[in-house]
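One-letter residues, chain by chain:
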Amino acid sequence: MGGAGATCCSRRPVRRRWLGGKMAAVSLRLGDLVWGKLGRYPPWPGKIVNPPKDLKKPRGKKCFFVKFFGTEDHAWIKVEQLKPYHAHKEEMIKINKGKRFQQAVDAVEEFLRRAKGKDQDLTIPESSTVKGMMAGPMAAFKWQPTASEPVKDADPHFHHFLLSQTEKPAVCYQAITKKLKICEEETGSTSIQAADSTAVNGSITPTDKKIGFLGLGLMGSGIVSNLLKMGHTVTVWNRTAEKCDLFIQEGARLGRTPAEVVSTCDITFACVSDPKAAKDVIVSRGGRFLEAPVSGNQQLSNDGMLVILAAGDRGLYEDCSSCFQAMGKTSFFLGEVGNAAKMMLIVNMVQGSFMATIAEGLTLAQVTGQSQQTLLDILNQGQLASIFLDQKCQNILQGNFKPDFYLKYIQKDLRLAIALGDAVNHPTPMAAAANEVYKRAKALDQSDNDMSAVYRAYIH
């Protein structure tokens, strides 16, 4: 698949460390310009500012609330992850590259020029797209895509292929905008998390290859945002063209057709809803192929915490290393084409069967006069405790089935997993039973709701 099948050189990302190790004690105060290190992001210029009045400082080590230049990001940063701006400017410029970083440094210098000679409290100018942080009680910040970001098109279990090309178009980057969503935690503790896996392994160096991306739905939108945020050059295409607009604003280039994307990019990702859609966007002119389904949901896609299962061309897998680090917390290479798809079906079979069991338990609790909330509290204190369990039970208790993983797609994967078992004469009775419950839910018009809506199959 793809255009000219020129080989792509393997280029492993180089991890940059926060130079100098732990710093000696530095006297910092409100209004100081600093270099702040958040997770695996490169050191970034910012200013120490007052946090929102209702935001408590995290417990533990001393930290400052920093607003970063060239973005809309705010964060509590530990004092040992801060360095004075002027004293370390040359050092940071040497180790950090990329247009977004240069734009941030330029923003600092413009800020200093404007501030020169003025005896007043200084604030960082906001982007014209910034809206104020949400008010009210809060205990944590979590990065959230903008409200206009497309999130409703694609199947989380997408048919994902990669193609190699050689042409390298120019792309002009603008700062990527991310808004803050205020989340209240029952524990009352305070924390701030980046919306991707940058908190895991330190900063990454984006590949110099041009990346194409086809499909900006539930999963694709978060993936593209993280690719851009990590400095990749990305050309996007979507069947509904207006869904590309936000990503063009974030620095992506627009591809008018899948063929144009493939022909102008070194590597092309496709993130579309089903096999037919995948075939519709394929350009069959040679090239290298890598299947790479992901395990995760929309939130994990936004957070850059997907698990990537890859199979096919090993060299192409290596070429995609920095992309996979930007979009996921880990990736697995599983050998020849077909292995990743099989593994993904098995993973989703387990997940779908577990979801049906959760719904069955909650309904049984209800009809026997037990508290569903108490059941959840008990499960959350036991060995089954997980984010998945808690989120899906909360969906059911709140009656909120906004799709995070469409019910119709988990049912499709259960059906395919059963067929996989049939092909090798292996029994799948649990999956078969769960599949019948999802089929009942589909008959009750739950297909386009979240998979947790399988609960409704038990109450009708």
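For the structure itself, look to the data block above.
Keep in mind it's a predicted model, so treat the numbers as computed, not measured.

Q: Explain the pairing of strand β3 (residues 63-68) here, please?
A: Two faces make up the sheet, and in a regular strand the side chains alternate between them. The buried count for β3 comes to 6 of 6 residues, which makes it a mostly enclosed element. Of the two faces of β3, the one lined by Cys-63, Phe-65 and Lys-67 and the one lined by Phe-64, Val-66 and Phe-68 are each fully buried. As paired strands, β3 and strand β4 (residues 74-78) are joined by 5 bridges and run antiparallel to one another. Following the sheet pairing, Lys-67 is matched in β4 by His-74.

Q: Hey, could you run me through the packing of aromatic side chains in this one?
A: Think of a pair of aromatic rings as described by two things: how far the centres are apart, and how the planes are tilted against each other in angle. Taken as a whole, this structure holds 11 aromatic pairs when the rule is applied. Centre to centre, the rings of Trp-35 and Tyr-85 are 5.1 Å apart; their planes meet at 20°, and the pair counts as stacked. With Trp-35 in strand β1 (residues 33-36) and Tyr-85 in the loop between β5 (82-84) and α1 (89-95), this pair connects stretches of sequence that are 50 residues apart. Accessibility expressed as a relative area gives 1% for Tyr-85, which makes it buried. Ring pairs connect the aromatic residues Phe-213, Phe-269, Tyr-317, Phe-324 and Phe-333, which therefore count as one cluster.

Q: Can you walk me through the packing of helix α12 (residues 372-380) against helix α13 (residues 387-398) in this structure?
A: Two quantities define a packed helix pair, namely the angle between the helix axes and the distance between the axes. It is at 11 Å that the axes of α12 and α13 come closest, and there the two elements cross at 175°. Looking at the two axes, α12 sits roughly antiparallel to α13. Taken together, the residues of α13 that come into contact with α12 (itself represented by Gln-372, Gln-373, Leu-376, Leu-379 and Asn-380) are Leu-389, Asp-390, Cys-393, Gln-394 and Leu-397. Its residues placed into classes, the contact of α12 with α13 shows 5 nonpolar, 4 polar and 1 charged.

Q: For this particular structure, what's the right way to read helix α4 (residues 220-229)?
A: Side chains that are three or four residues apart share a direction in an α-helix, a result of its 3.6 residues per turn. Across the 10 residues that make up α4, a large majority, 10, are buried. Within α4 the residues assigned to the buried category are Gly-220, Ser-221, Gly-222, Ile-223, Val-224, Ser-225, Asn-226, Leu-227, Leu-228 and Lys-229. One or two steps after α4, the chain reaches Gly-231, where phi turns positive at roughly 90°.

Q: Sorry if this is basic, but what is going on with the sheet that holds β5 here?
A: Backbone hydrogen bonds hold the strands of a sheet together, and the pairing may be parallel or antiparallel. On the basis of which strands lie adjacent, the open sheet formed by 5 strands has the order β4-β3-β2-β1-β5 and antiparallel pairing. Taken across any chain shown, the strands that pair with only one partner, and hence form the sheet edges, are β4 and β5. Taking each pair of neighbouring strands and ignoring which way they run, the sheet shows an average axis angle of 45°.

Q: Any chance you could explain the pattern of salt bridges here in plain terms?
A: Pairs may arise between side chains of opposite charge once their charged atoms sit close together. Counting across every chain of the model gives 14 salt bridges. The salt bridge involving Asp-313 is made with Arg-288; its shortest N-O contact spans 3.5 Å. Of this pair, Asp-313 sits in the loop between β16 (306-312) and α9 (314-319) while Arg-288 is found in the loop between α7 (275-281) and β14 (290-291), placing the two residues 25 residues apart along the sequence. The exposure class assigned to Asp-313 is partly exposed, which follows from its relative accessible area of 24%. Given a relative accessible area of 13%, Arg-288 falls into the buried group. For Lys-392, the salt bridge identified is with Asp-450, shortest N-O distance 2.9 Å. Linking Lys-392 in helix α13 with Asp-450 in the segment after α15 (429-443), this pair joins segments that are 58 residues apart in sequence. Asp-450 gets classed as buried once you look at its relative accessible area, which sits at 0%.

Rules of the game
- Residues numbered from 1 in each chain as written.
- Predicted model: local features only at pLDDT ≥ 70, side-chain atom pairs only at ≥ 80, totals over all residues.
- Heavy atoms only, no water.
- Buried < 20%, exposed > 50% of the residue type's maximum accessible area, 1.4 Å probe, protein only.
- Helix = DSSP H or I, 4+ residues; strand = E, 2+ residues; numbered from the N terminus.
- Pairing = 2+ DSSP bridges.
- Phe/Tyr/Trp six-rings, centres within 6.5 Å; stacked < 30°, edge-to-face > 60°.
- Axes fitted to C-alpha atoms, helices over the stretch in contact; angles between N-to-C directions.
- Parallel < 35°, antiparallel > 145°, perpendicular 65-115°, else oblique.
- Contact = heavy atoms within 4.5 Å.
- Nonpolar A, V, L, I, M, F, W, Y, C, P; charged D, E, K, R; others polar.
- Salt bridge = Lys/Arg side-chain N within 4 Å of Asp/Glu carboxyl O.

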